Amino acid sequence: MTGLVTGTSVEQIPLARPILGPEEEERVLAVLRSGQLSLGPLLGEFERRFAERLGAVHGVAVSSGTAGLHLALRAVGVSDGDEVITSPFSFVASANVVLYERARPVFADIDPVTLNVDPEAVAAAVTPRTAALLPVHVFGYPADMEALEALGLPIVEDACEALGATYADGVAVGARGHQAVFAFYANKQLTTGEGGAVTTSDAAIKERLDSERNQGRAPDMGWLDHDRLGFNYRLSDIACALGLAQLERLDDMLAGRARVAGLYREALGGIEGLDLPCPDACGNRRGWFVFVVQLPRSHDRDDVVRALAERSIPSKPYFPAIHLMSFYREQFGHREGQFPVCEDVAARSIALPFFPTMTEGQVQRVAGELRSVLGR
Ligand SMILES: Cc1ncc(COP(=O)(O)O)c(C=O)c1O
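Notes on the structure in this doc start here. Within each chain, residue numbers correspond to sequence positions counted from 1 in written order. Reporting in this predicted model follows two pLDDT cut-offs: at least 70 for local features of residues, and 80 or more for side-chain atom pairs to be given and counted; totals over whole chains, interfaces and linings ignore these cut-offs and use all residues. Only hydrogens and water are set aside; all other atoms, that is, all heavy atoms of the structure, feed into the side-chain values.

### Some thoughts on the overall build of the protein
Thinking step 1. Scanning the protein for helices and strands turns up 13 helices and twelve strands.
Thinking step 2. Taking 376 residues into account, the globule formula puts the C-alpha radius of gyration at 21 Å, and the protein, at 21 Å, falls close to it.
Thinking step 3. Along the first, second and third principal axes, the C-alpha set of the protein runs to 65 × 55 × 40 Å.
Thinking step 4. Across the 376 residues in the protein, those meeting the buried criterion constitute 55%.
Thinking step 5. By sequence separation, contacts in the protein at least 24 residues apart represent 67% of the contacts at least 6 residues apart.
Thinking step 6. Using the Shrake-Rupley algorithm and a 1.4 Å probe, accessible areas are obtained, with residue cover drawn only from the displayed protein chains. Taken as a whole, the protein presents about 15,800 Å² of accessible surface, with 52% of it coming from carbon and sulfur.
Thinking step 7. This count recognises Lys and Arg as positive and Asp and Glu as negative, with His and chain-terminal groups excluded. The location of each charge is read from NZ of Lys, CZ of Arg, CG of Asp or CD of Glu. On the protein, the mean spot of the 35 positive side-chain charges and the mean spot of the 49 negative ones are 3 Å from each other. A run of H or I in DSSP counts as a helix once it spans at least four residues, and a run of E counts as a strand once it spans at least two, with each numbered from the N terminus. All radius of gyration figures rest on C-alpha atoms, and the globule criterion is 2.2 Å times the number of residues raised to 0.38. In this scheme, a residue with accessible area under 20% of its type's maximum is buried, one over 50% is exposed, and one in between is partly exposed, where area comes from a 1.4 Å probe on protein chains only. Any pair of residues with heavy atoms lying within 4.5 Å of one another is described as a contacting pair.

Listed below in structure tokens is the structure:
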């Protein structure tokens, strides 16, 4: 696609772009021809392959990451009046799901380097009402799970952005045994358009989630037989077909993102005040999802986003601090200054165009325009 900027034709670089190939077409067509569009054989196959790929024991495919987080919180027993400690620097879904169960999201500030929730801040936020921890592996960088596990509370990991991330011991994010939740929205490392999956090592939780995502009907129960409250959080076989095709190419797709991240790191190095995503440390490996930078404090973030847009470079503020969103302010009386690290990072963060097939030329152009907008 091209766009006209000051009379010159320039390439419009998309913010995100999935790679879809003939494998997806074949698999989706096969589902259409089979006539079994949902609760068919691909559901179990996708769940098994997904869990296997991570080294997790069980997988439960669901209609979105949000649905998976909701079910996982219910499964660890979160209910009315409980508190769940989580990050204010995340996509809003990770806090909203706590409210679905009439519990309260309690925010803890983040680490300025990894941007993940700071385990010390989490420890300080624990009260007798704390029912669970909901750490987020932000931008695909593994959260410090050992420190969080040491607090001895049930954990639901928000791994929606972290497919492909691993710890120093080689264990994948999602394979530590807690409930971990992945998302397959169109911008994710693996996409089924909309979708998600929960991994767990607990057979009873697998059984409960299988049932609750299907209106409370266990897989061995008859049609219209429901023995508990449930939801329609199913993932269709059409979506599973997309997921299976992409699982086969996942290594390539992840390597593509890592390559683009490396190009950005080179192209954007040395700009004073510009913070790049933290490099992998202590043996942890990021599963690349987005390339988010924090702008120098000398610049207004919204002005930079506008100036980039004028140069046909889409970018977006990512993430705004959840506690300062109007709904959270009104419901819980949050105000500026409560989580200063998160607020500083959130005010300066923008996501740049990022997808596995991005060319070196495209990265150079984004980096060049950003340098020019920043006057560096
Ligand atoms: C950190 C985080 N949590 C939760 C979600 C929710 O996933 P979904 O959009 O599939 O419901 C997302 C997806 O964007 C996310 O990035």
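There's plenty left to go through after this.
### Comments concerning the site of the ligand
Thinking step 1. Near the ligand you find 14 residues, and of these Gly-65, Thr-66, Asp-158, Glu-161 and Lys-188 are the closest.
Thinking step 2. Polar contact criterion, stated in full: a pair of N or O atoms within 3.5 Å, where within protein one must be able to donate a hydrogen and the other to accept it, and residues adjacent in sequence count only if both atoms are side-chain atoms. In this structure, an oxygen atom belonging to the ligand sits 2.4 Å away from a side-chain N or O atom of Thr-66.
Thinking step 3. Asp-158 has a polar side-chain atom sitting 2.7 Å from a nitrogen atom of the ligand.
Thinking step 4. Taken by itself the ligand offers 390 Å² of open surface, and the protein chains cover 92% of this.
Thinking step 5. Top element by residues in the shell around the ligand is helix H3 (residues 65–75). It accounts for three residues.
Thinking step 6. Residue composition of the shell around the ligand, by class: six nonpolar, five polar and three charged. Here, proximity means that at least one heavy atom of the residue falls within 4 Å of the molecule or strand. Side-chain classes follow a simple rule in which Ala, Val, Leu, Ile, Met, Phe, Trp, Tyr, Cys and Pro form the nonpolar group, Asp, Glu, Lys and Arg form the charged group, and the remainder, Gly included, forms the polar group.

### A closer look at the state of the cysteines
Thinking step 1. The disulfide criterion is simple: two cysteine sulfur atoms within 2.5 Å. Counted by the stated rule, this structure contains zero disulfides.
Thinking step 2. Between Cys-160, a free cysteine, and Cys-240, which holds the nearest cysteine sulfur, the sulfur-to-sulfur gap is 16 Å.
Thinking step 3. Here Cys-160 falls in the buried class, since its relative accessible area comes to 11%.

### A closer look at the environment of Leu-254
Thinking step 1. Tracing the chain through its elements places Leu-254 in helix H9 (residues 250–268).
Thinking step 2. Along the chain, Leu-254 and Gln-294 lie 40 residues apart, while their C-alpha atoms are 23 Å from each other.
Thinking step 3. Setting aside residues up to four positions removed in sequence, Leu-254 forms contacts with Arg-53, Leu-163, Gly-164 and Gln-189.

### Concerning the pattern of salt bridges
Thinking step 1. We define a salt bridge as a contact between a side-chain nitrogen of Lys or Arg and a carboxyl oxygen of Asp or Glu at a distance within 4 Å. Tallied over the full model, the rule gives 22 salt bridges.
Thinking step 2. Among the ionic pairs, Arg-249 bridges to Glu-23, the shortest N-O distance being 3.5 Å. With a gap of 226 residues between them, Arg-249 in the loop between helix H8 (237–248) and H9 and Glu-23 in helix H1 (residues 22–34) connect regions that are remote in the sequence.
Thinking step 3. Residue Glu-23 is classed as partly exposed on the basis of its relative accessible area, which comes to 32%.
Thinking step 4. The salt bridge partner of Arg-27 is Glu-248, with a shortest N-O separation of 2.7 Å. Taken as a pair, Arg-27 in helix H1 and Glu-248 in helix H8 lie far apart in primary sequence, 221 residues in all.

### Things to note about the sheet that holds strand S3 (residues 58–62)
Strand pairing within a sheet occurs via backbone hydrogen bonds; the two strands may be parallel or antiparallel.
Thinking step 1. Overall, mixed pairing links the four strands, which are arranged S3-S9-S8-S7 in an open sheet. Unpaired on one side and paired on the other, S3 and strand S7 (156–158) mark the two borders of the sheet. On average, each strand axis in the sheet is inclined to that of its neighbour by 20°, with strand direction left out of account.
Thinking step 2. Axes here mean lines fitted to C-alpha atoms, for a helix over just the part in contact, with angles spanning 0 to 180 degrees between N-to-C directions. Relative to the sheet, helix H2 (residues 41–54) contacts S3, strand S8 (179–183) and strand S9 (196–200), its axis offset from that of S3 by approximately 130°. Two strands pair under a simple rule: DSSP has to find at least two bridges between them.

### A few points about the side chain of Ser-211
Thinking step 1. Summarising the element assignment, Ser-211 is placed in helix H7 (residues 203–212).
Thinking step 2. Residues contacting Ser-211, with those up to four places away along its chain left out, are Gly-216, Arg-217, Ala-218 and Arg-228.

### Description of the packing of H2 against H8
Thinking step 1. Where H2 contacts H8, the axes come no closer than 9 Å and their chain directions differ by 30°. Remark: the crossing between H2 and H8 carries left-handed chirality. Every residue of H8 that contacts H2 at Pro-41, Leu-42, Leu-43, Glu-45, Phe-46, Arg-49, Phe-50 and Arg-53 is listed here: Asp-237, Cys-240, Ala-241, Gly-243, Leu-244, Leu-247 and Glu-248.
Thinking step 2. Considered class by class, the residues forming the contact of H2 with H8 number nine nonpolar, one polar and five charged. By convention, the crossing between two helices is left-handed when the near helix turns anticlockwise from the far helix through less than a right angle, and right-handed when the turn is clockwise.

### Here we look at the pairing of S9
Thinking step 1. Where burial is concerned, most of S9 is hidden: five out of the five residues are buried.
Thinking step 2. Covered by surrounding structure in S9 are Gly-196, Val-198 and Thr-200 together with Ala-197 and Thr-199, the residues of both alternating faces.
Thinking step 3. Bridge count for S3 against S9 is five bridges, and the pairing is antiparallel. Along S9, the bridge assignment pairs Gly-59 with Thr-199.

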